[in-house]
Each structure stands twice: as C-alpha cells, then as structure tokens.
Amino acid sequence: MSLIQIKWDLSVKTYDKVEMKHFSKLELNSEWFMIFWFSKRTHDLTDCIEIRHDCKSEEGWISGKLERQCSENSKLYTEWEREFFFQFEPDCESKYICVQYNHSRPCFLIVGYVIINDNIAKRKHVIPKINDEKDIQLQFLNELSNDLERLLDPETASFVDVHLKCGSVAIPAHKNILSMRSPVFSAMFSSEMEETRKNEVDITDVDVPVLRMM
C-alpha cells in the first residue's frame with residue numbers, strides 16, 4: 001500500500017483527436033494513471049477525471065481526496081473537492097470522477113492524495129476505506145514512531161553519534177534527537193563538555209528500563 005501526494009499542474013494539455021478533447025495526464029506509478037479530461041464546450045462546466053489501472057489481470061483499489069484549485073484576483077481557492085474509493089476487479093480498466101463547478105474560472109491545480117493497493121489477492125487482508133486525512137496522519141505517525149524506536153535498537157541503529165551509559169549498559173542514541181527533546185542535552189552538546197568530546201553520557205539517577213522509555 002502506498003500513499004502519493006498529488007500536486008497536478010493542469011496548464012500542460014494535450015489534444016486527443018479521437019475524443020476531440022484536451023487532457024492532462026498524471027502518472028502515479030508504472031500501472032496507475034490519472035487523466036483530467038477538459039469539457040468540449042465552454043458552457044459545459046463538467047470536466048472528468050479518469051483513474052486508469054493498466055494491469056487488467058490484477059485486482060486493486062485506490063482511494064483518496066482531490067481538490068480543484070482555481071485562481072481569482074491572484075488568489076488560489078478550492079472550488080471543488082471529492083473523496084473517493086474505487087475497487088478494480090480483473091478486466092476493469094477505468095473509473096471516472098465528475099468534476100462539477102459553478103464558474104469558468106481558470107483551473108491551475110488538482111491537489112490532494114491517493115492511496116493505492118494493487119495486490120489484494122496476495123495480501124488477504126480487509127480493505128480499509130480511508131476517507132479522513134486524520135487517519136492518514138495517524139497511520140504515518142505510528143510508522144514514524146516505530147522507525148524512531150528502531151534507532152535505539154543496537155541491532156538496527158544507524159549513524160549513532162552518542163551512547164547513554166547506565167551502569168554496564170550503553171544505549172545508542174542521536175545528539176540531534178536528544179537535543180530536541182531536552183534542553184539539558186542541547187546545552188551539553190553545544191558546549192565543550194567532556195561528554196561531547198567522548199560521545200558518551202553517564203546516567204546515574206535513572207534505571208535502564210526507564211531510560212529506554214525516555
């Protein structure tokens with residue numbers, strides 16, 4: 001499953017002689033594309049976004065949120081937005097989203113995000129329908145927390161530049177993170193103290209389990 005941030009410049013257009021329409025194409029990855037089809041007539045204010053899955057033999061789903069940003073008096077504002085979820089069965093190539101709006105102001109950008117999972121049959125898990133940006137933020141904050149925790153694991157820690165010594169135990173750490181979390185460490189590493197030169201800090205007033213939690 002992958003999260004892709006969208007910032008789609010619609011000023012670059014191509015003309016399709018068969019459809020007799022202008023379009024703008026955005027490649028999400030090697031198998032997924034989005035195509036913005038511009039309406040043929042100026043009074044027809046319904047454009048269309050085609051979501052295309054080029055691997056017809058695989059199932060997949062895509063969800064997300066898109067916004068159409070327009071310009072007026074040199075200011076950008078959101079005129080249209082849509083949350084969506086589409087499941088693609090084998091042999092299903094395209095799904096469509098109508099982009100309806102009330103005014104023919106210049107449209108510069110489509111912004112938002114999409115989440116893609118194109119391997120459902122192998123993963124065998126329940127499809128989460130994510131319609132809230134807070135769900136996305138919580139998911140990635142959880143992943144960030146797990147990644148930061150791995151920085152304290154001696155087997156997975158990388159680019160360690162200081163050790164916290166508590167008795168006979170030396171815990172790998174990173175000066176930047178410690179400095180951001182504690183003004184004491186920030187002052188220590190900004191000076192010429194012995195701990196800075198040795199890249200070791202002796203901790204005597206905290207037990208090892210408590211220190212790891214901190």
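Our structure's up above, just so we're on the same page.
Given the structure is predicted, the values throughout are model-derived calculations rather than measurements.

Each value, and the rule that gives it
- Residues numbered from 1 in each chain as written.
- Predicted model: local features only at pLDDT ≥ 70, side-chain atom pairs only at ≥ 80, totals over all residues.
- Heavy atoms only, no water.
- Core = buried A, V, L, I, M, F, W, Y, C linked by side-chain atoms within 4.5 Å.
- Buried < 20%, exposed > 50% of the residue type's maximum accessible area, 1.4 Å probe, protein only.
- Helix = DSSP H or I, 4+ residues; strand = E, 2+ residues; numbered from the N terminus.
- Pairing = 2+ DSSP bridges.
- Axes fitted to C-alpha atoms, helices over the stretch in contact; angles between N-to-C directions.
- Phe/Tyr/Trp six-rings, centres within 6.5 Å; stacked < 30°, edge-to-face > 60°.
- Salt bridge = Lys/Arg side-chain N within 4 Å of Asp/Glu carboxyl O.
- Lys, Arg positive; Asp, Glu negative; His and termini not counted.
- Contact = heavy atoms within 4.5 Å.
- Polar contact = N/O pair within 3.5 Å; in protein donor to acceptor, adjacent residues only side chain to side chain.

## Here's the deal with the nonpolar core
Formed by 24 residues in total, the largest nonpolar core has its most connected members in Trp-8, Leu-28, Met-34, Ile-49, Ile-51, Ile-62 and Val-114. For this core, the secondary structure elements donating two or more residues are strand E1 (2-9), strand E4 (32-37), strand E5 (46-53), strand E6 (60-72), strand E7 (75-88), strand E8 (94-100) and strand E9 (107-117). In this structure, Met-188, Phe-189, Val-201 and Ile-203 belong to the second largest nonpolar core, which totals 11 residues.

## Brief notes about the sheet that holds E8
Pairing in this open sheet of 5 strands is antiparallel, and the strands run E2-E3-E4-E5-E8 from one edge to the other. For this open sheet the edge positions go to strand E2 (14-16) and E8, each flanked by a neighbour on one side alone. The mean angle between the axes of side-by-side strands here comes to 30 degrees, regardless of whether they run parallel or antiparallel.

## Overview of the packing of aromatic side chains
Counting across every chain of the model gives 6 aromatic pairs. With centroids separated by 5.8 Å and ring planes inclined at 35 degrees, the aromatic side chains of Trp-61 and Phe-85 adopt a geometry described as tilted. Placement of Trp-61 in strand E6 and of Phe-85 in strand E7 is noted, with a sequence separation of 24 residues between them. Given a relative accessible area of 0%, Trp-61 falls into the buried group. Since its relative accessible area comes to 25%, Phe-85 is described here as partly exposed.

## Considerations on the pattern of salt bridges
One pass over the full model with this rule turns up 3 salt bridges. For the salt bridge of Glu-50 with Arg-52, the shortest nitrogen-to-oxygen distance reads 3.0 Å. Given the relative accessible area of 4%, Glu-50 is considered buried. Residue classification places Arg-52 among the partly exposed residues on the basis of a relative accessible area of 22%.

## Considerations on the side chain of Glu-67
With respect to the element layout, Glu-67 can be found in strand E6. Within the buried set, Glu-67 has no salt-bridge partner at all; the shortest N-O distance to an opposite charge, 4.1 Å, is to Lys-65. Among residues more than four places away in sequence, those in contact with Glu-67 are Thr-78, Trp-80, Glu-81, Leu-109, Ile-110 and Val-111.

## Quick notes on the environment of Gln-87
Relative to the helices and strands, Gln-87 is located in strand E7. Accessibility expressed as a relative area gives 31% for Gln-87, which makes it partly exposed. In terms of polar contacts, Gln-87 uses its side chain to reach the side chain of Glu-89, at 3.3 Å.

## Concerning the sheet that holds strand E11 (residues 169-173)
Read from one edge of the open sheet, 3 strands run E11-E10-E12, paired in mixed fashion. Among the strands making up the open sheet, the edge pair consists of E11 and strand E12 (200-202). On average, each strand axis in the sheet is inclined to that of its neighbour by 25 degrees, with strand direction left out of account. Where strand E10 (residues 162-166) and E12 come together, 3 bridges link them in parallel fashion. Looking at E12, one finds that Lys-165 is bridged to Asp-202.

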